[in-house]
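Structural features, examined
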Amino acid sequence: DRSIHHPRHWNTMMKNTDGDRKRGQASSEIRGAGKGVYNPAPRLGPAATSALPELIAAIDGKDAEQVRAAIVACTEIGPAAGDAMPALLRRMAQPPFTEVVHKAIEKVGPGAAVHAGAMLDTLTGNEDAGSRVVWALGEVREAAGRALDERLAAADPEVRRRGVRAAAALGIFV
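A brief report on the enclosed structure follows. Residues take numbers from 1 onward in each chain, read along the sequence in its written order. Only residues with pLDDT of 70 or above have their local features reported here, since the model is predicted, and side-chain atom pairs are shown and tallied only from 80 upward, although totals for entire chains, interfaces and linings are computed over all residues. Computation of side-chain values: all heavy atoms of the structure, hydrogens and water removed.

**Here's the deal with the pattern of salt bridges**
Between side chains of opposite charge, pairing is possible as soon as their charged atoms come close. By convention in these notes, a salt bridge is any Lys or Arg side-chain nitrogen within 4 Å of a carboxyl oxygen on Asp or Glu. The tally for this structure, following the rule as stated, stands at 6 salt bridges. Arg90 is the salt-bridge partner of Asp60, the closest N and O atoms lying 2.8 Å from each other. Taken as a pair, Asp60 in the loop between helix 3 (52-59) and helix 4 (64-77) and Arg90 in helix 5 (residues 85-91) lie far apart in primary sequence, 30 residues in all. Of the residues examined, Arg90 reaches a relative accessible area of 47% and is grouped as partly exposed. In this structure, Glu142 engages Arg146 in a salt bridge whose closest nitrogen and oxygen atoms are separated by 3.1 Å. In this pair, Glu142 and Arg146 both sit in helix 9 (residues 141-152), 4 residues apart, roughly one turn of the helix. For helices the rule is a DSSP run of H or I covering at least 4 residues; for strands it is a run of E covering at least 2, with both sets numbered from the N terminus onward. Only protein chains enter the accessibility calculation, which uses a 1.4 Å probe. A residue is then buried if its area is under 20% of the maximum for its type, exposed if over 50%, and partly exposed in between.

**Let's talk about the packing of helix 3 against helix 4**
Remark: helix 3 packs on helix 4, axes separated minimally by 8 Å, with the N-to-C direction vectors making an angle of 140°. Of the possible angle classes, the one that applies to helix 3 and helix 4 is oblique. The chirality of how helix 3 crosses helix 4 is left-handed. In contact with Leu52, Leu55, Ala58 and Ile59 of helix 3, helix 4 contributes Gln66, Val67, Ala70, Ile71, Ala73, Cys74 and Ile77. Amino acids outside the nonpolar list (Ala, Val, Leu, Ile, Met, Phe, Trp, Tyr, Cys, Pro) and the charged list (Asp, Glu, Lys, Arg) are all regarded as polar, and Gly is one of them. The class makeup of the residues in the contact of helix 3 with helix 4 is 10 nonpolar, 1 polar and no charged. Note on method: axes are straight lines fitted to C-alpha atoms, helices fitted across the in-contact stretch only, with angles between N-to-C directions ranging 0 to 180 degrees. Should an angle lie under 35 degrees it is considered roughly parallel, over 145 roughly antiparallel, and from 65 to 115 roughly perpendicular; all remaining angles are considered oblique. Should the near helix be turned counterclockwise from the far one by less than a right angle, the crossing is left-handed, whereas a clockwise turn marks it as right-handed. Contacts were defined at the residue level, with two residues in contact if any of their heavy atoms lie within 4.5 Å.

Spelled out as structure tokens, the structure:
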């Protein structure tokens, strides 16, 4: 099979560091996932960040195989996929994706400082998920501190409650 979906062709194709080519590979893998042709790309890396809009759309999609493929792709991209954090957080509590999302949060977290507030808001309930989010917040501690301060000082009582819950989950007593 000469298709890019065939595993024999991944090693040759992934040696190319051209971002557009990797974007095309990630996109075609996501589109092909529901057709039984998904083969995860080894180490997409930061050069594939141009595919993030399509990956985020796939994470929010309905096809479970495509969702999983997009989450794995974000994991491989690493911190450069920080903009995918809100979509990953939305999938965090959904049992078919829990483990793969936890791994993605660990890998993507350092690049998600702008989403520290959204990460703080998830720190209730699931202890395992919370530990991974706490780790990611530790990687962006300055932004996390600002986001927590904003929540604790907010005029809206619900926002303040979320801030207090996040502080408690982090072991901070206010």
